[in-house]
Amino acid sequence: MLPIYAHRGASGYKMENTLAAFKEAISRNAKGIEIDLQLTADGQHMVIHDLDLFRLTGQNKQIRDVAAEEVLQWKVGKRFLRRFFGHRILTLQQFIEFARVYDVALNVELKETYMGKQEKIREVVELIKPFSDVHFSSFDLSILAIGHANYPDYEWCLIAKKSTDWEELKSYPWLKTLHINKRYYNASWINELCERYSIRFYGLTGKEKYLTSPRPCVIGWITDFPDKVEQKQKGFNKV
């Protein structure tokens, strides 16, 4: 059984990156949780995916331009529903207070607002240190390089794309793990990557046939539906 990480919590059931989604992940037996972190204008760590706040809050602003005090006043949710049924954005510290009770594994994704912010990356790692099973991920190699230079004992993972410069990656010998969208699971170029890297695939729904017999290089799954992926991996779901 490979580890399963609930993507932004059990976001297939509850609003992403909210306390409700993280509680749902635990209730659906997720052993790991993936979160996204962005920085506010005053350097506070917020558990939210988007740089642009419009999709989630309706505010036509970017989180890096707004102070944490203002961000914490807004609710995230679907349009027309968030005013009455929305959820508060969490600080990293609030998430930690929730998650440490369960000692879940963590996949911490550092978003674009961490580019060039060595001290802020260090702050995140220091806050996360109480957890025994943690790895960090990012689309940005420079963020990962800073993280690895300061904390080489942690796993620093690139979220790769088809357009990633695979030759450039050879310049980062410490990079051992990739996170890749599941749409590329059967792509021919994955074969070569499997010889060089460990891979976690994300975007799974629980219907993928290969969950019961994954590639040797696969070390985990990242999904909005942790319970469905677990059932399929165990062979209970034949759909």
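About the criteria used
Residues numbered from 1 in each chain as written. Predicted model: local features only at pLDDT ≥ 70, side-chain atom pairs only at ≥ 80, totals over all residues. Heavy atoms only, no water. Helix = DSSP H or I, 4+ residues; strand = E, 2+ residues; numbered from the N terminus. Rg over C-alpha atoms; globule rule 2.2 N^0.38 Å. Buried < 20%, exposed > 50% of the residue type's maximum accessible area, 1.4 Å probe, protein only. Contact = heavy atoms within 4.5 Å. Areas by Shrake-Rupley, 256 points an atom, 1.4 Å probe, with all protein chains shown as cover. Salt bridge = Lys/Arg side-chain N within 4 Å of Asp/Glu carboxyl O. Polar contact = N/O pair within 3.5 Å; in protein donor to acceptor, adjacent residues only side chain to side chain. Axes fitted to C-alpha atoms, helices over the stretch in contact; angles between N-to-C directions. Parallel < 35°, antiparallel > 145°, perpendicular 65-115°, else oblique. Left-handed = near helix turned anticlockwise from the far one by under 90°. Nonpolar A, V, L, I, M, F, W, Y, C, P; charged D, E, K, R; others polar. Disulfide = S-S within 2.5 Å.

(A) Structural view of the overall build of the protein chain. Within the protein chain, the secondary structure is distributed over ten helices and twelve strands. Taking 2.2 N^0.38 as the reference for a compact globule, 239 residues should give roughly 18 Å; the C-alpha atoms of the protein chain span a radius of gyration of 18 Å, in line with that estimate. Looking at the 239 residues of the protein chain, the share that counts as buried comes to 54%. Within the protein chain, counting contacts between residues at least 6 apart in sequence, those at least 24 apart form 53% of the total. Only carbon and sulfur atoms are counted for the fraction: they give 49% of the accessible area of the protein chain, which is about 11700 Å².

(B) Main features of the pattern of salt bridges. Tallied over the full model, the rule gives 14 salt bridges. In this structure, D227 and R28 form a salt bridge, with 2.7 Å as the shortest nitrogen-oxygen distance. In this pair, D227 is assigned in helix α10 (residues 226-234) and R28 in the loop between α1 (19-27) and β2 (32-39), connecting sequence segments 199 residues apart. Its relative accessible area of 11% is what places D227 among the buried residues. Via salt bridges that share partners, R8, E16, D36, D50 and R55 belong to a single interconnected network.

(C) Broad picture of the environment of E208. Topologically, E208 is positioned in the loop between β11 (198-204) and β12 (218-223). Linking E208 and Q233, residues 25 residues apart in sequence, is a C-alpha distance of 9.1 Å. For E208, the residues in contact, after removing those within four places along its chain, are K182, G203 and K232. Side chain to side chain, E208 and K182 meet in a polar contact 2.8 Å long.

(D) Molecular detail of the packing of helix α6 (residues 118-128) against helix α7 (residues 141-150). Two elements in contact, α6 and α7, have axes separated by 10 Å at closest approach and are oriented at 60°. Relative to α7, the element α6 lies oblique. Crossing geometry of α6 relative to α7 is assigned as right-handed. Every residue of α7 that contacts α6 at Q118, I121 and R122 is listed here: I143, I146, G147 and N150. Of the residues contributing to the contact of α6 with α7, the split by class is three nonpolar, three polar and one charged.

(E) Main features of the side chain of H49. Here H49 lies in the loop between β3 (45-47) and α2 (54-57). Among the polar contacts made by the side chain of H49, one reaches the side chain of R8 at a distance of 3.1 Å. A polar contact of 2.6 Å, which involves the side chain of H49, links it to the side chain of D50. Among all residues touching H49, those that are not within four sequence positions of it are R8, E16, N17, D36, Q38, R55 and K111.

(F) Representation of the state of the cysteines. For the coordinates displayed, the defined rule picks out one disulfide. One disulfide in the model links C194 with C217; its S-S distance is 2.0 Å. Of this pair, C194 sits in helix α9 (residues 189-196) while C217 sits in the loop between β11 and β12; the two residues are 23 residues apart in sequence, bridging distant segments of the chain. Owing to a relative accessible area of 8%, C217 belongs among the buried residues under this scheme. With no disulfide of its own, C157 lies 14 Å from the sulfur of C217, the closest cysteine sulfur.

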